[in-house]
Structures are given as C-alpha cells and as structure tokens.
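Coordinate inspection notes
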Amino acid sequence: MKHRVNSVFLVWGISLMFLAFLFNTVLPAWINYVDDAFCAVVVVLFVISLFLKKKVFKFYFWIFLLILIGLMGNYMYDVQKNFTFALTDAFMFIKPYILLMYIIISVNSIQAQKIYRILTEISKIAIIILAVAAILSLLKLESFIGIIEGMVNSVGEFEFYTGFTGSAADIIIVCLTIIVSNPRNNRLVYYVLSLIVILRTGSGLGILAIVGYAAVYFFMERKKKFHWYYLLIIVPLCFWVGRNEITSYLLNAEAPRYLLFYYSIITAWEYLPIGAGFATYGSSVAANQYSNLYYLYGFSNRWGMGKNDTGFLVDSYYPQIIAQTGFLGSALYGIFMYKLFFKIIMRMQNNSAKTATIYLFAIWAVSGLGFGSSSLWGCLVYAVIPILYLVDKYDLYECRNVVLRW
C-alpha cells in the first residue's frame, strides 16, 4: 500500500511537470512552480527516508559537501548575506539529484515498471500532439490560424505552448528517450515524428539530440560494445552539428553565455577556493535578486542581462557552479557526476535502456552549456533516469525468474 501511494504521488508529480512544460504559456502562472513544489515534498520525504535508515549511494556525500561549501561562501563573503535566498538557491540546485535518489530508494522495480508504462503512454501522446501541431503550423491552414499563431514565435519557429523553441525540443528529448528505451515500441515512427518537431523548432540542442540518438543507436546499441575509436566519428559529428551555437554563443566574446563563463572563472579566482556562495551568480535566484556581482561586471548595461531584463542571466548551468562554489566545489561536482554516471547508468544491463539513458544524460550535460539545467527540464531528466534504472532491475528480476522456472 505504501509503495502504491508513493507511486501515485510520483506519477502525478512527473505528469504535472510534463503538463507545465508543454502548456506553459496558456496555464496559470503558478504552474511554473510545480517542479519546486513537487521537489520540496520529495526533499521532506527524502529526509524522512534518511531517518528511517534507507540506504543512499555513498557518492552523494560529494554533492552534500558541495552544498555545504556554497553556504560557507555565503557566510564568509558579503555578496549574498540573506541566508533565506542562499538556502532557496541551494534547494533549486540540488532538487533534481534529490529527486533521482528518492525515486531509487522509495520505489521497487515492480512499481517502477508500472510508472514506466504510464510515462511511455504520456510520451507517445505528447510526441504525436507536437508533431501534428508542428505540421499544422507549417501548412498555415485558415481554419487553424488562430491556434497556430499561439504555437509559433515571431520568426515562425515552432514552440507549441512552451514559450520557447528550446523547451519544445527539451520535452521531445525526454519523451523520445522513454520510448526508445524499449525496442517493442515503434521507435522509428516516433523518431521521425520527433525529427519533424525538432526541425520546426530550429533548436540547436534539438538537432544535436536527433543526430546524437542516431549516433548512440548505431555505435552503442547495435554494436553492443562501445570502442573508444567511435569517438573519432561521434565527436567531430557533434561539433559540426553544433557549430553555429558554438561560434555564436560560446566563442563570441560579446555573447551572454561566453560572458557568464568568463566571469564565473573571474569570480572563482576572486573568492578562492569556495566561491561567492549561493544566490550570487548564474542562478534564477541570483537573477531575481540581481546580484551585486552583475553590477560589478557591467551586466546591468547589457541587453538581456540588466536588472529589469534578466532572461540571459540563467542561460548557462556550469557557470553558477564555478562561481558559487569555486574551484573546489566544481571539482566535487565533477566527482559526483562521474560517480553518478558509472555507479548508476553504466551498471544497467538492458542495452536499449542503457543506451537511451546515456543519451538523455549526455544531452542534459551538453544543455548545461546554454541552459539552466536544474530547472523543470533537469527535474524531468532526473525523474526519468532512475525509473529506467529500476526498470532495468525489473527486467533482470524477470529473466532470473524465467531461468529458475525453466
């Protein structure tokens, strides 16, 4: 009964996050906080689980230590002394990782299989709806013109009701991951439908994701064993696909994403070795409270980075780690992510599920170069990864039972 209630809670929470992602512009404003509310409850349940002595992966020590280091930065320096803002920012940062761990320690493999089936149906419906809408937006039929106008931006790119072309691509990436993790789904059909949506959005990350899945499918799932020399094809291919974004955003000294990286290193150097603390740089809380560092670096005079126009200030994930937790925190984060990848994802046995999970993790990691990856997008990613991990355990359990029965 307890597992069933928890599963219903998780299904509703994840489903609401899907809904908030897809219909952001037409739903009430409070829907933007659904991931925060959901993860806040998850954090409380996670703490209770710790008191009940549920086993947590030991490598989570590194992420908890990183949070402590960030808060030490707030205590030692004057950039952000409001501890409420600092704690809020720390929560916003850690919530996807707590969600992942909570699912693993609170859901058994049988319940995970049931959740997975529901998420699969949601993903199929979402991709079909997005693909049909993308085609209609291209045809510009008069009978649908009123609906279509709300689905495209000022230059005619498709964004559905997400409010941003990149967000439409993000939801496609998550849904496609869930579907392709099981060969019994019509993977080619949903891949083609996803391709239609991605091409209509014009999202650089989306195009990289579509090409990326084809690469991991042929070089990992089909080949069974990955060889290092495959990277000689995959890496140049990914750089070529993302060349416009790399040159326009990451190598352009006037681009916000370049500036965020550049001054994050300046900040980490200035506040050696633990950084300036939470709610000081690169995060949504730092943008809302408009950190003193932004005045210092002249961001207040730049379009999209000013006090009343902060849209570009949250366009990158890694700079907030570098600036807010310093070089020491960045090293700890690197250790944590390395452990997470090899202790969870790489231990999966089902080849299709493992390939899909690697694909999702890799795209999320790349997105951190140009998006705030601990947002709603990050929460969805880190809700799907543990479900796939637990379903993999369910498959092993079933296989062993078949062998025993035989």
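Residues numbered from 1 in each chain as written. Predicted model: local features only at pLDDT ≥ 70, side-chain atom pairs only at ≥ 80, totals over all residues. Heavy atoms only, no water.

1. Focus: the overall build of the protein chain
- Helix and strand counts for the protein chain stand at 17 helices and 0 strands.
- Of the contacts made within the protein chain by residues no fewer than 6 positions apart, 74% connect residues no fewer than 24 positions apart.
- Counting every atom, the protein chain has about 19300 Å² of accessible surface; 67% of that belongs to carbon and sulfur. (Helix = DSSP H or I, 4+ residues; strand = E, 2+ residues; numbered from the N terminus. Contact = heavy atoms within 4.5 Å. Areas by Shrake-Rupley, 256 points an atom, 1.4 Å probe, with all protein chains shown as cover.)

2. Quick notes on a nonpolar patch on the surface
- Taken together, the side chains of Leu68, Met72, Tyr75 and Met76 present a nonpolar region at the surface, about 460 Å² in accessible area.
- Looking at the secondary structure, you find Met72 in helix H3 (residues 60-76). (Patch = residues over 30% accessible without salt bridge, like charges linked within 9 Å, V, L, I, M, F, W, Y side chains within 5 Å. Salt bridge = Lys/Arg side-chain N within 4 Å of Asp/Glu carboxyl O.)

3. Let's talk about a positive patch on the surface
- Together, Arg4, Lys114, Arg117 and Arg184 make up a positively charged patch on the protein surface.
- Relative to the helices and strands, Arg4 is located in helix H1 (residues 2-22).
- With a relative accessible area of 55%, Arg4 lands in the exposed category. (Lys, Arg positive; Asp, Glu negative; His and termini not counted. Charge placed at Lys NZ, Arg CZ, Asp CG, Glu CD. Buried < 20%, exposed > 50% of the residue type's maximum accessible area, 1.4 Å probe, protein only.)

4. With respect to the pattern of salt bridges
- Under the counting rule described, the total for this entry stands at 3 salt bridges.
- For Asp35, the salt bridge is made with Lys95, and the minimal N-O distance between the two is 2.8 Å. Highlighted residues: Asp35 in helix H2 (residues 34-51) and Lys95 in helix H4 (residues 83-106), separated in sequence by 60 residues.
- Judged by its relative accessible area of 1%, Lys95 falls in the buried class.
- For the salt bridge of Lys95 with Asp36, the shortest nitrogen-to-oxygen distance reads 2.4 Å. Of the two residues, Lys95 is situated in helix H4 and Asp36 in helix H2; the sequence distance between them amounts to 59 residues.
- Connected via shared salt-bridge partners are Asp35, Asp36 and Lys95.

5. Focus on the nonpolar core
- Counting 104 residues, the largest nonpolar core has Phe93, Tyr97, Tyr333 and Tyr382 as its most contacted members.
- With 14 residues, the single largest contributor to this core is helix H17 (residues 376-405).
- For Tyr333, the residues in contact, after removing those within four places along its chain, are Ile63, Leu66, Phe93, Tyr97, Tyr317, Tyr318, Ile321 and Trp364.
- Ala286, Tyr294, Phe299 and Leu313 belong to the second-largest nonpolar core, a separate cluster that totals 20 residues. (Core = buried A, V, L, I, M, F, W, Y, C linked by side-chain atoms within 4.5 Å.)

6. Some details on the side chain of Ser123
- By the element assignment, Ser123 lies in helix H5 (residues 109-139).
- From its side chain, Ser123 meets the backbone oxygen of Leu119 in a polar contact 2.8 Å long.
- Residues contacting Ser123, with those up to four places away along its chain left out, are Phe18, Cys175, Ile178 and Ile179. (Polar contact = N/O pair within 3.5 Å; in protein donor to acceptor, adjacent residues only side chain to side chain.)

7. Structural notes on unusual backbone geometry
- In this model, Leu272 is joined to Pro273 through a cis peptide bond whose omega is -15°.
- As for its placement among the helices and strands, Pro273 is situated in the loop between helix H12 (256-270) and helix H13 (284-288).
- Phi angles above zero are rare outside glycine, and Lys53 is one such case at about 65°.
- Locating Lys53 in the fold gives a position in the loop between H2 and H3.
- Accessibility expressed as a relative area gives 75% for Lys53, which makes it exposed.
- The phi dihedral of Tyr290 is positive, around 45°, even though this residue is not glycine.
- If you trace the backbone, Tyr290 turns up in the loop between H13 and helix H14 (292-296).

8. A closer look at the confidence of the model for the protein chain
- With 87% of its residues at a pLDDT of 70 or more, the protein chain has an overall mean of 86.
- Confidence drops under a pLDDT of 50 for residues 396-406, and excluding neighbours within four residues, the segment shows 1 contact in the predicted structure. (pLDDT = per-residue confidence, 0-100.)

9. Quick notes on the packing of H3 against helix H15 (residues 318-343)
- In the contact formed by H3 and H15, the axes pass within 8 Å of each other and the chain directions differ by 170°. Classified by the angle between their axes, H3 and H15 sit roughly antiparallel to one another. Contact residues: H3 offers Tyr60, Trp62, Ile63, Leu65, Leu66, Ile69 and Gly70, while H15 offers Gln324, Thr325, Leu328, Gly329, Leu332, Tyr333, Ile335 and Phe336. (Axes fitted to C-alpha atoms, helices over the stretch in contact; angles between N-to-C directions. Parallel < 35°, antiparallel > 145°, perpendicular 65-115°, else oblique.)

10. Focus on the side chain of Asp170
- Looking at the secondary structure, you find Asp170 in helix H7 (residues 165-180).
- One buried charged side chain, Asp170, makes no salt bridge at all; its nearest oppositely charged neighbour is Arg257, positioned 9.9 Å away.
- Residues in contact with Asp170, not counting those within four places in the same chain, are Phe21, Leu205 and Trp377.

11. Observations regarding the environment of Ala365
- Take Ala365: it is sitting in helix H16 (residues 351-367).
- Separated by 28 residues in sequence, Ala365 and Met337 have C-alpha atoms that sit 9.7 Å apart.

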